[in-house]
Amino acid sequence: MNILLINGPNLNLLGIREKSLYGSTTLESIEKELVKKAISENVSLECFQSNSEGEIIDCIHSSKTKINGILINAGAYTHTSIAIRDALLGVSIPYVELHLSNTSSREPFRQKSFLSDRAIGVVSGFGAYSYYLAMKGLLDYLQRGR
Ligand code: DQA
């Protein structure tokens, strides 16, 4: 089983960025922990981060033949990018949308997501733990063969 974790813009700043919202754990440390957890579940996890919409789309396209499921924290692109939505639907790879913060309790512009209606599920508000919960949900979905 091959899983891809995609992090969008500004998530490379985790650990220094708005800590009261996003916590003090770095992206590197989240990725390391998640890779360890994936290995313990016999799953291969690839991690990708970009601040560029086009690079995220290219990454989604190139995963078409090798990835079974995607975990995506698209950052602010969640609320703006029809192009990322189209890329995810275009490759037909099941995905889970995730966020560190609870976007539903924040500014009105964060309450719209272009990804959530076609996601297997959405995990939001659990800080770094959202990544783990999202992976558990994705693996459960894939292992049940749905
Ligand atoms: C975020 C929420 C987004 O609204 C914001 O633009 C981010 C991070 C989160 O993980 O809580 O960059 O995706």
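Refer to the structure above for everything that follows.
Residues numbered from 1 in each chain as written. Predicted model: local features only at pLDDT ≥ 70, side-chain atom pairs only at ≥ 80, totals over all residues. Heavy atoms only, no water.

Trainee: I tried to follow the environment of Lys 37 on my own but got confused; where do I start?
Mentor: By the element assignment, Lys 37 lies in helix H2 (residues 27-40). The spatial distance from the C-alpha of Lys 37 to the C-alpha of Ser 124 is 20 Å, given a sequence separation of 87 residues. (Helix = DSSP H or I, 4+ residues; strand = E, 2+ residues; numbered from the N terminus.)

Trainee: Which parts of the structure should I look at to understand the site of the ligand?
Mentor: In the region of the ligand, the neighbouring residues are Arg 17, Tyr 22, Asn 73, Gly 75, Ala 76, His 79, His 99, Leu 100, Ser 101, Thr 103, Arg 106 and Arg 110. Taking Ala 76, its main chain carries an N or O atom lying 3.2 Å from an oxygen atom of the ligand. At a separation of 2.8 Å, an oxygen atom of the ligand approaches a polar side-chain atom of His 99. Calculation on the ligand without its partners gives an accessible area of 320 Å², and the protein chains cover 99% of this total. Here the residues of the shell around the ligand sort into three nonpolar, six polar and three charged. (Near = heavy atom within 4 Å. Polar contact = N/O pair within 3.5 Å; in protein donor to acceptor, adjacent residues only side chain to side chain. Areas by Shrake-Rupley, 256 points an atom, 1.4 Å probe, with all protein chains shown as cover. Nonpolar A, V, L, I, M, F, W, Y, C, P; charged D, E, K, R; others polar.)

Trainee: So what exactly am I meant to see when it comes to helix H5 (residues 129-143) here?
Mentor: Count 3.6 residues to each turn of an α-helix, and residues three or four apart come out pointing the same way. The end-to-end C-alpha separation of H5 is 21 Å, in line with the 21 Å expected for 15 residues at 1.5 Å each. Considered for burial, the residues of H5 that qualify are Ser 130, Tyr 131, Ala 134, Met 135, Leu 138, Leu 139 and Leu 142. Viewed end-on, H5 has its buried residues packed into an arc of 160°, placing them on one side of the element. In this fold, the buried residues of H5 make contact with strand E1 (2-7), H2, strand E3 (69-73), strand E4 (95-99) and strand E5 (121-124). (Expected span 1.5 Å × (residues − 1). Buried < 20%, exposed > 50% of the residue type's maximum accessible area, 1.4 Å probe, protein only. Arc of directions from axis to C-beta. Contact = heavy atoms within 4.5 Å.)

Trainee: Would you take a moment to explain the side chain of Arg 110 for this structure?
Mentor: On the secondary structure map, Arg 110 appears in the loop between E4 and E5. Look at Arg 110 and you get buried, because its relative accessible area is 17%. Among the polar contacts listed, one links the side chain of Arg 110 to the side chain of Glu 107, at a separation of 2.7 Å. Discounting residues that sit within four places of it in the chain, Arg 110 has contacts with Tyr 22, His 79 and Thr 103.

Trainee: Sorry, what's going on with the nonpolar core here?
Mentor: Counting residues in each nonpolar core, the largest one holds 22 residues, and the members touching the most others are Ile 3, Leu 14, Leu 71 and Tyr 131. Put simply, the parts of the chain that give this core at least two residues each are E1, H2, E4 and H5. The greatest single-element share of this core, amounting to six residues, is contributed by H5. Beyond its immediate chain neighbours, meaning those up to four positions away, Ile 3 contacts Val 43, Ser 44, Leu 45, Glu 46, Ile 67, Gly 69, Leu 71, Leu 138, Leu 139 and Leu 142. (Core = buried A, V, L, I, M, F, W, Y, C linked by side-chain atoms within 4.5 Å.)

Trainee: When you look at the environment of Asp 117 in this model, what are you seeing that I'm missing?
Mentor: By secondary structure assignment, the location of Asp 117 is in the loop between E4 and E5. Asp 117 sits 70 residues away from Cys 47 along the chain, and the two C-alpha atoms are 24 Å apart. Of the polar contacts made by the side chain of Asp 117, one reaches the side chain of Arg 85; its length is 2.6 Å.

Trainee: Sorry, what's going on with the state of the cysteines here?
Mentor: Structurally, a disulfide amounts to a covalent bond that connects the sulfur atoms of two cysteines. Applying the stated rule across the entire model yields zero disulfides. Cysteine Cys 47 remains unbridged, with the sulfur of Cys 59 as its closest cysteine sulfur at 10 Å. Cys 59 gets classed as buried once you look at its relative accessible area, which sits at 10%. (Disulfide = S-S within 2.5 Å.)

Trainee: Could you clarify how one ought to interpret the packing of aromatic side chains in this entry?
Mentor: Where two aromatic rings form a pair, the distance of their centres and the angle of their planes describe that pair. Considering all chains together, one arrives at one aromatic pair under this definition. A ring pair is formed by Tyr 129 and Tyr 132, whose centres lie 5.6 Å apart and whose planes are at 35°; its orientation type is tilted. Of this pair, Tyr 129 and Tyr 132 both sit in helix H5, three residues apart, which is roughly one turn of that helix. A cation over an aromatic ring shows up here: Lys 37 above the ring of Tyr 132, its NZ or CZ 4.6 Å from the ring centre. Between the NZ or CZ atom of Lys 112 and the centre of the ring of Phe 114, over which it lies, the distance is 4.8 Å. (Phe/Tyr/Trp six-rings, centres within 6.5 Å; stacked < 30°, edge-to-face > 60°. Lys NZ or Arg CZ within 6 Å of the ring centre and 35° of its normal.)

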